[in-house]
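Structural characterization, general
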Amino acid sequence: WKDGIFSMLLRECANAPGTDPKWIILDGDLDANWIESMNSVMDDNKLLTLASNERIVCKPHMRLIFELRDLKYATPATSSRA
């Protein structure tokens, strides 16, 4: 397993001390494959489970912003969480 940019940044924010706001902005086209794995991060669980089975919990002061052109490939489950 090798971390990508997103998992590295999310873990870094989750492990940072304090409760100052942390924002991760994702800008680009929506890909149906990866956005489905983000559903658990966007729902009440706020939990990202990686392929390595590591789980990263988003803390209350952490936010994700998705800047998308459209929701063409988003499922209803994803759209309702956005």
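Reading the values: rules and limits
- Residues numbered from 1 in each chain as written.
- Predicted model: local features only at pLDDT ≥ 70, side-chain atom pairs only at ≥ 80, totals over all residues.
- Heavy atoms only, no water.
- Buried < 20%, exposed > 50% of the residue type's maximum accessible area, 1.4 Å probe, protein only.
- Helix = DSSP H or I, 4+ residues; strand = E, 2+ residues; numbered from the N terminus.
- Pairing = 2+ DSSP bridges.
- Core = buried A, V, L, I, M, F, W, Y, C linked by side-chain atoms within 4.5 Å.
- Contact = heavy atoms within 4.5 Å.

Okay, the pairing of strand β1 (residues 22-27) next. Going residue by residue along β1, you find K22, I24 and L26 tucked away on one face and W23, I25 and D27 left uncovered on the opposite face. Where β1 lies against strand β4 (residues 62-67), 6 bridges are found, and the strand directions are parallel. Residue pairing for β4: I25 is matched across the bridge by I65.

The next point concerns the environment of W34. Tracing the sequence through the fold places W34 in helix α2 (residues 32-37). A residue is classified by how much of its surface remains accessible, and W34, at 32% relative accessible area, is partly exposed.

The next point concerns the environment of L50. Inspection of the secondary structure puts L50 in the loop between β2 (47-49) and β3 (55-57). Taking the relative accessible area as the measure of exposure, L50 reaches 9% and is therefore buried. Residues L50 and D3, spaced 47 residues apart in sequence, show a C-alpha to C-alpha distance of 9.1 Å.

A separate point is the nonpolar core. With 17 residues, the main nonpolar core has F6, L10, I24, M38, L48 and M62 as its most contacted residues. Listed by contribution, the elements that provide at least two residues to this core are α1 (5-15), β1 and α3 (39-42). No other element matches α1, which puts 4 residues into this core. When near neighbours in sequence (up to four residues on either side) are disregarded, F6 contacts I24, L26, M38, L48 and L64.

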